[in-house]
Amino acid sequence: MSESHLFIYFEPGEADFFLIFARVSKEYYAPALGGIMLSIGIRLSIDDFALAFKRPLPLSVGYIAQYVLKPVLGLLIAKIFRAPSMFYAGFILTCCVAGAQLSSYASFLSKGDVALSILLTSSTTISSVLMTPLLTGLLIGSVVPVDGVAMSKSILQVVLVPVALGLVLNTYAKAVVNLIQPIMPFFAMACTSLCIGSPLAINRNQILSSHGLMLLFPILTFHLVAFVLGYWFAKFPFLRQDESVCRTISLCTGMQSSTLAGLLATQFLGSTHAVPAACSVVLMAIMGLCLASFWGNGSRIRDIALLI
C-alpha cells in the first residue's frame, strides 16, 4: 500500500483527544512555556547564583556538554540517519536548546547533585537567549533562514522574563511563593502537556507516515548517546568528577527543554518542524526517569555488563 493511500483509524475517544489539542492555537504556546519557566524561577535565589561561582568546574563541564557536545552530536546523528527534510531543522533546533527542568527531579531520584542540576538548568536557560539562536544559525542557517535576533527576543520574553519574575517573587514575596508553589508542578505539567499535545495532534498524519516513523530512530539514538556521553565526559581523567556529579551531568545532557524547541520551531520554522521536539519530550522523559530510577535503586553503570 502506498503512503498516499495509508489511512489511520482512531477510536472515538482517541479522536476526541486529538481534536481537542488540534484546536489549540499556537498563540498559547508562549504563555504556556512562560508558565513552565516561572515554575523554575520561584525555586531560585541569589544564593544559588553565588554558589555557581564556588563550583565553576562541574558547572562548566555540564555547560559544555549542553551547548557543545549535544549540538555536534545532533548534527552527526541527523546526517547518519538522513533525517527527513521536513523534520531536519526542527531536530537540530531541539539539540540546541537549554536543559530541561525535569532533569532536576530526575537528579533527585538518581541520588545525584540536585543543586548542581538546578544551577545548570538555570544557567543554560538564561543563556539560551544568546546560545540557541547562535547555534541554530550556525548549524541550520544554510538549510532554512533563521532570524537570530527575532529568536533571541522570543526567548527573552518566554524564558528570561518569567524566570526573573520568579526570582524576584522568591526573594521579595515569600508569602506569595509559599501560596502558589504547591500547585506549580501541576500547572507546569498542564503547560507541558499543551506544548506537547498540540504539535503531535496537528501533525499526527506526518508522524504516522513512513517519514515520521523514521524520525524515532534518530531521536532515540540522540538521547541514548547524550546520556552516555554526559556521564563519561564528566568521568574523564582530567575532570574526575564525583559519581553524583556525573549522574547529574548525564541527566542534564540527555534531557533538554524540548518545549522551548517546539515553540521556537512553530514560530520560526513551521509547525511540522515542531514534531521532533514534541516526540523528544516524551522519549527523553521516559528514558531519563528510567535511568534515574536505575541509579536511585542503588545500581551502577558497571552493573549493566553483569545484567547482560
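Thresholds applied
Residues numbered from 1 in each chain as written. Predicted model: local features only at pLDDT ≥ 70, side-chain atom pairs only at ≥ 80, totals over all residues. Heavy atoms only, no water. Helix = DSSP H or I, 4+ residues; strand = E, 2+ residues; numbered from the N terminus. Buried < 20%, exposed > 50% of the residue type's maximum accessible area, 1.4 Å probe, protein only. Contact = heavy atoms within 4.5 Å. Areas by Shrake-Rupley, 256 points an atom, 1.4 Å probe, with all protein chains shown as cover. Arc of directions from axis to C-beta. Expected span 1.5 Å × (residues − 1). Bend = angle between axes of the 7 residues up to and from the residue. Salt bridge = Lys/Arg side-chain N within 4 Å of Asp/Glu carboxyl O. 1 Å grid on protein atoms, 1.4 Å probe; cavity = no way out; pocket = protein on both sides within 12 Å on 5 of 7 lines; lining within 4 Å. Points joined across faces, edges and corners; volume = space filled by probe spheres on them. Core = buried A, V, L, I, M, F, W, Y, C linked by side-chain atoms within 4.5 Å. Phe/Tyr/Trp six-rings, centres within 6.5 Å; stacked < 30°, edge-to-face > 60°. UniProt positions renumbered as here; feature names shortened; annotations may be inferred. Patch = residues over 30% accessible without salt bridge, like charges linked within 9 Å, V, L, I, M, F, W, Y side chains within 5 Å.

J.: Got a minute to help me understand the overall build of the protein chain in this structure?
T.: From N to C terminus, the protein chain includes 16 helices and 0 strands. Burial analysis of the protein chain (308 residues in total) assigns 50% to the buried set. Counted over contacts in the protein chain with a minimum sequence separation of 6, partners at least 24 positions apart contribute 83%. Counting every atom, the protein chain has about 14,800 Å² of accessible surface; 70% of that belongs to carbon and sulfur.

J.: It is not clear to me how helix H6 (residues 102–109) should be interpreted in this structure. Could you clarify?
T.: Every buried residue of H6 is accounted for by Ser103, Ser104, Ala106 and Ser107. Down the axis of H6, the smallest arc covering the buried residues is 160 degrees, so these residues share one side. For H6, the elements touching its buried residues are helix H7 (114–140), helix H13 (243–254) and helix H15 (275–296). Lys111 sits one or two positions beyond H6 and adopts a positive phi of about 60 degrees.

J.: When you look at H7 in this model, what are you seeing that I'm missing?
T.: Turn by turn, an α-helix covers 3.6 residues, leaving residues three or four places apart pointing in a common direction. Along its 27 residues, H7 runs just 33 Å from first to last C-alpha, ending more than 12% under the 39 Å computed at 1.5 Å per residue. Of all the bends in H7, the greatest, near 70 degrees, is centred on Ser128.

J.: Hey, could you run me through the pattern of salt bridges in this one?
T.: A side chain of one charge can pair with a side chain of the opposite charge if their charged atoms are brought near each other. The tally for this structure, following the rule as stated, stands at 2 salt bridges. Where Glu243 meets Lys235, a salt bridge forms, and the shortest distance between an N and an O atom there is 3.2 Å. For Glu243, a relative accessible area of 26% gives the class partly exposed. Among the salt bridges present, the one from Arg247 reaches Glu243, with a minimum N-O distance of 2.9 Å. Taken together, the residues span about one helical turn, with Arg247 and Glu243 both in helix H13 at a distance of 4 residues.

J.: Looking at this model, I keep getting lost on the side chain of Thr132. Mind explaining?
T.: Here Thr132 is to be found in helix H7. Apart from the residues lying within four places of it in its own chain, the contact partners of Thr132 are Tyr67, Leu93, Cys96, Val97, Ala98, Met151, Ile155 and Leu264.

J.: I keep staring at the layout of surface pockets and nothing clicks. Help me out?
T.: If a probe as big as a water molecule is rolled over the atoms, it shows which places are left empty. The calculated volume of the largest pocket comes to roughly 670 Å³. Lining the largest pocket are 27 residues; nearest its centre among them are Gln101, Leu102, Pro185, Ala188 and Met189. Of all the secondary-structure elements, those providing two or more residues to the lining of the largest pocket are helix H2 (29–41), H6, H7, helix H10 (184–202), helix H14 (258–268) and H15. Here the element with the most residues in the lining of the largest pocket is H10; it accounts for 7 residues.

J.: Would you mind showing me how to read the nonpolar core here?
T.: A general feature of soluble globular proteins is that nonpolar side chains tend to end up buried together. Core analysis: the largest hydrophobic core is formed by 48 residues, its most contacted members being Leu33, Phe91, Ile92, Val158 and Leu260. If you look at the next biggest cluster of nonpolar residues, it comprises 23 residues, including Ala65, Leu116, Ile249 and Leu291.

J.: Please clarify how the packing of aromatic side chains should be interpreted in this entry.
T.: Between two aromatic rings, the relevant description is the distance of the centres plus the angle of the planes. Under the counting rule described, the total for this entry stands at 6 aromatic pairs. Look at Tyr231 and Trp295: their rings are 5.7 Å apart centre to centre, the planes differ by 25 degrees, and that puts the pair in the stacked class. Of the two residues, Tyr231 sits in helix H12 (residues 210–235) while Trp295 sits in helix H15, which places them 64 residues apart along the sequence. Ring geometry for Phe236 and Phe238: centres 5.7 Å apart, planes at 50 degrees, overall tilted.

J.: Where do I start with unusual backbone geometry in this structure?
T.: Peptide bonds are mostly trans, and most non-glycine residues show a negative phi. One non-glycine residue, Arg82, lies in positive phi territory at about 50 degrees. Phi at Lys111 is positive, roughly 60 degrees, even though this residue is not glycine. Residue placement: Lys111 occurs in the loop between H6 and H7. Residue class for Lys111 comes out exposed when judged on its relative accessible area of 58%.

J.: Can you help me understand the UniProt feature "transmembrane region" (unreviewed entry) in the protein chain in this one?
T.: Taking the numbering used here, the UniProt-annotated feature "transmembrane region" (unreviewed entry) corresponds to residues 28–46, 85–108, 114–143, 155–173, 179–201, 213–234 and 274–295. Regarding residues 213–234, the helix share stands at 100% and the strand share at 0%, and the terminal C-alpha atoms are separated by 33 Å. The distance from the first to the last C-alpha atom of residues 274–295 is 32 Å, and the span holds 95% helix and 0% strand.

J.: Even after reading the chapter, I still don't get a nonpolar patch on the surface, so can you show me in this structure?
T.: Together, Ile64, Val68, Val72, Leu76, Ile80, Phe81 and Phe217 line one region of the surface with nonpolar side chains, adding up to about 660 Å² of accessible area. For the nonpolar patch, the leading source of residues is helix H4 (residues 56–80), giving 5 residues.

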